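Spelled out from the first residue to the last, the chains are:
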Amino acid sequence: IYDRAITVFSPDGHLFQVEYAQEAVKKGSTAVGIRGKDIVVLGVEKKSVAKLQEERTVRKICALDDHVCMAFAGLTADARIVINRARVECQSHRLTVEDPVTVEYITRHIATLKQRYTQSNGRRPFGISALIVGFDSDGTPRLYQTDPSGTYHAWKANAIGRSAKTVREFLEKNYTEESIATDNEAIKLAIKALLEVVQSGGKNIELAVIRRNQSLKLLESKEIETLVTEIEKEKEEEAEKKKQKKST
Amino acid sequence: MALASVLQSESVDFSNYGRQRHGFASGLYEAELGLESVGGDRLSFALSTSCSNGDGPDRKIEFLHGTTTLAFKFQHGVIVAVDSRATAGSYIASQTVKKVIEINPYLLGTMAGGAADCSFWERLLARQCRVYELRNKERISVAAASKLLANMVYQYKGMGLSMGTMVCGWDKTGPGLYYVDSEGNRVCGDLFAVGSGSMYAYGIVDSGLKQKDLTVEEACDLGRRAIYQATYRDAYSGGQVNLYHVHSEGWTRVSQSDVLMLHQQYQAEKA
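Residues numbered from 1 in each chain as written. Chains lettered and ligands numbered in written order. Predicted model: local features only at pLDDT ≥ 70, side-chain atom pairs only at ≥ 80, totals over all residues. Heavy atoms only, no water.

Trainee: Any chance you could explain the overall build of chain A here in plain terms?
Mentor: The helix and strand tally for chain A stands at six helices and ten strands. For 248 residues, the compact-globule estimate of 2.2 N^0.38 gives 18 Å, and chain A sits close to it at 19 Å. With the principal axes as the frame, chain A shows a C-alpha extent of 75 × 45 × 40 Å. Looking at chain A residue by residue over its 248 residues, the buried ones come to 47%. By sequence separation, contacts in chain A at least 24 residues apart represent 64% of the contacts at least 6 residues apart. Positive and negative side-chain charges in chain A, numbering 40 and 36 respectively, have mean positions lying 4 Å apart. (Helix = DSSP H or I, 4+ residues; strand = E, 2+ residues; numbered from the N terminus. Rg over C-alpha atoms; globule rule 2.2 N^0.38 Å. Buried < 20%, exposed > 50% of the residue type's maximum accessible area, 1.4 Å probe, protein only. Contact = heavy atoms within 4.5 Å. Lys, Arg positive; Asp, Glu negative; His and termini not counted. Charge placed at Lys NZ, Arg CZ, Asp CG, Glu CD.)

Trainee: Any chance you could explain the pattern of salt bridges here in plain terms?
Mentor: Residues and elements named next belong to chain A. This model, assessed by the stated rule, comprises 21 salt bridges over all chains. Among the salt bridges present, the one from D65 reaches R94, with a minimum N-O distance of 3.0 Å. Taken together, the positions of D65 in strand β3 (residues 61-65) and R94 in helix α2 (residues 76-97) put the pair 29 residues apart, joining distant regions of the chain. Residue classification places R94 among the partly exposed residues on the basis of a relative accessible area of 29%. Each of E185, K188, E230 and E234 takes part in one network of salt bridges that share partners. (Salt bridge = Lys/Arg side-chain N within 4 Å of Asp/Glu carboxyl O.)

Trainee: Mind showing me how you'd approach the sheet that holds strand β11 (residues 240-247) of chain B here?
Mentor: Residues and elements named next belong to chain B. What the five strands build is an open sheet, ordered β10-β1-β2-β11-β12; its pairing is antiparallel. Across the chains shown, the open sheet's two edge strands, defined by having one partner strand only, are β10 (191-194) and β12 (250-258). When the angles between neighbouring strand axes are averaged without regard to direction, this sheet yields 15 degrees. Summarising the sheet, strand β1 (residues 69-74) and β10 pair through four bridges and their orientation is antiparallel. Within the sheet, the bridge partner assigned to L70 lies in β10 and is A193. The strands that helix α5 (residues 198-208) touches are β1 and β10; relative to β10, the one it contacts most, it runs at about 155 degrees. (Pairing = 2+ DSSP bridges. Axes fitted to C-alpha atoms, helices over the stretch in contact; angles between N-to-C directions.)

Trainee: Sorry, what's going on with the environment of G113 of chain B here?
Mentor: Residues and elements named next belong to chain B. Mapping G113 onto the fold places it in the loop between β6 (107-110) and α3 (115-136). With relative accessibility at 0%, the residue G113 sits in the buried group. Each C-alpha atom, one on G113 and one on T67, is 8.1 Å from the other, the two residues being 46 residues apart in sequence.

Trainee: Any chance you could explain the packing of helix α6 (residues 216-233) of chain B against helix α7 (residues 259-270) of chain B here in plain terms?
Mentor: The relative placement of two packed helices comes down to the angle between their axes together with the axis-to-axis distance. All names here are of chain B. α7 packs onto α6 with a crossing angle of 105 degrees between their chain directions and a minimal axis gap of 10 Å. The orientation of α6 relative to α7 falls into the category roughly perpendicular. On α7, the residues that touch D221, R224, R225, Y228, T231 and Y232 of α6 are V259, L262, H263 and Y266. Class assignment of the residues belonging to the contact of α6 with α7 gives a composition of five nonpolar, two polar and three charged. (Parallel < 35°, antiparallel > 145°, perpendicular 65-115°, else oblique. Nonpolar A, V, L, I, M, F, W, Y, C, P; charged D, E, K, R; others polar.)

Trainee: What should I look at first to understand the side chain of H245 of chain B in this one?
Mentor: Mapped onto the secondary structure, H245 of chain B falls in strand β11. Excluding its chain neighbours within four sequence positions, the residues that come into contact with H245 of chain B are F74, H76, G77, V78, I79, V216, G250, W251, T252 and V254 of chain B.

Trainee: How should I be thinking about the UniProt feature "active site" (unreviewed entry) in chain B in this particular structure?
Mentor: Residue and element names in this part refer to chain B. The sites that carry the UniProt feature "active site" (unreviewed entry) are, in the present numbering, T67. With respect to the helices and strands, T67 occurs in the loop between α2 (16-33) and β1. Overall, the relative accessible area of 0% leaves T67 in the buried class. A polar side-chain atom of T67 sits 2.9 Å from a polar atom in the side chain of D83. (UniProt positions renumbered as here; feature names shortened; annotations may be inferred. Polar contact = N/O pair within 3.5 Å; in protein donor to acceptor, adjacent residues only side chain to side chain.)

Trainee: How should a negative patch on the surface be read in this particular structure?
Mentor: Taken together, the side chains of E225, E232, E236, E237, E238 and E240 of chain A make up a negatively charged region of the molecular surface. For E238 of chain A, a relative accessible area of 44% translates into the label partly exposed. (Patch = residues over 30% accessible without salt bridge, like charges linked within 9 Å, V, L, I, M, F, W, Y side chains within 5 Å. Areas by Shrake-Rupley, 256 points an atom, 1.4 Å probe, with all protein chains shown as cover.)

Trainee: Hey, could you run me through α7 of chain B in this one?
Mentor: Every α-helical turn comprises 3.6 residues, leaving residues that sit three or four positions apart pointing alike. All names here are of chain B. An ideal rise of 1.5 Å per residue puts 16 Å on twelve residues; α7 measures up with 16 Å between its terminal C-alpha atoms. Buried within α7 we find V259, L262 and Y266. When α7 is viewed along its axis, its buried side chains cluster within an angular range of 55 degrees and face the same direction. Away from the buried face of α7 by more than 90 degrees, exposed residues L260, M261, Q264 and A268 are located. Along its buried surface, α7 packs onto α6, β11 and β12. Capping the start of α7 is the job of one residue whose side-chain oxygen sits 2.8 Å from the backbone nitrogen of L260: D258. (Expected span 1.5 Å × (residues − 1). Arc of directions from axis to C-beta.)

Below is the structure:
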């Protein structure tokens with residue numbers, strides 16, 4: 001059984017297993033990534049947790065090293081494997097090259113790993129897309145996205161998972177130089193993007209940021225609530241202004 | 001086995017090294033027991049390597065590295081100076097050996113120990129550095145290059161490799177100088193001299209480096225003088241002094257001076 005490839009070409013040039021993997025990703029909970037000037041933000045939709053379940057064990061944003069982290073959409077179990085390999089590679093790189101990985105390097109490593117599984121005996125592709133963010137040692141912020149086929153691209157802002165299209169369209173309209181001018185603005189943009197598709201607001205959002213020369217910080221639910229309230233206030237103010245304009 | 005793995009590392013995940021070492025632990029002992037004594041007439045920079053047969057893993061191989069090579073960092077980069085004599089026992093096999101290996105336009109490696117070992121592994125290093133450049137779209141750092149070399153030869157530790165090299169270059173953190181040898185040592189430093197004539201060379205460079213800011217001219221003269229003095233007293237060093245300067249734009253071959261000419265020159269200066 002083990003010497004037969006599972007991922008083979010179809011007559012019209014498709015790799016169905018890879019495409020099915022991408023379908024699995026589309027079923028996963030939404031994740032959004034934003035590259036600011038001095039900050040990179042990752043936000044994920046938190047699935048509501050069962051009453052008896054401990055919240056802490058359902059973390060979808062993971063640090064790969066001090067200066068890089070990733071969020072994923074798709075099969076959580078597959079993601080665990082990829083994250084583990086990436087973490088080991090980050091340290092391996094530090095050992096042999098005496099330098100931390102660049103975000104591009106570790107993305108490339110993950111993408112190559114994923115591609116290998118689309119061309120191997122008896123193995124199926126990983127059912128995850130990943131958003132990898134971080135800062136290179138020269139201080140440049142980076143955001144990359146990988147998908148089950150093993151390709152990767154750099155983005156200014158992107159979303160993966162359920163309703164990724166809606167979120168991406170929102171980002172295309174609202175990602176401007178202004179909207180990411182400060183750290184706070186970038187974080188709010190991420191929350192706004194997620195609020196488009198997440199039910200019932202701040203409780204179902206998990207947010208993490210990396211600032212230049214600092215490690216990953218997961219925002220507490222209190223902080224998220226505060227920001228959500230700010231956003232809702234701003235929305236109301238906008239709506240008020242529009243009303244006034246119409247009436248005059 | 002290790003060589004095949006190094007050559008095959010298509011996915012130069014540096015994680016390859018971890019995997020290979022496990023397969024090695026068993027292979028190592030087999031290799032040691034089967035090692036024959038090294039012949040004395042092998043052309044090398046080493047003296048006759050008399051090593052006793054099959055004493056087991058405790059056996060010490062004395063490689064005397066008949067040569068003088070030195071390198072030191074200074075304000076304007078790194079100076080690399082070497083002699084050019086190769087001996088086989090007390091026979092001078094050549095006076096015109098190139099002991100500086102040009103790994104790439106901004107990295108140099110020096111040779112001491114076994115000529116074949118040095119040139120082979122440093123050429124392999126050149127290949128690896130080039131692949132790194134292509135994959136990562138930036139030059140490899142001197143630290144990483146020296147580490148690649150050290151890790152490559154470490155897989156052969158105890159199997160009779162003889163190599164004492166200095167990896168010199170300039171990267172984005174400035175001038176870089178590392179000493180790497182086949183025992184597995186890898187040391188960063190500002191000054192190294194390797195070979196049978198190294199003690200004489202150290203004497204000259206140590207006294208000349210007292211003043212902090214050397215000009216390029218002064219540093220070159222110092223390196224040249226150090227090698228000359230070593231060839232004067234050490235029988236296994238001689239020939240010409242090959243001098244290189246590594247700076248931010250890469251390395252430049254400064255000069256090649258015959259030791260006997262230098263002798264005339266220095267004598268005249270004394271008078």
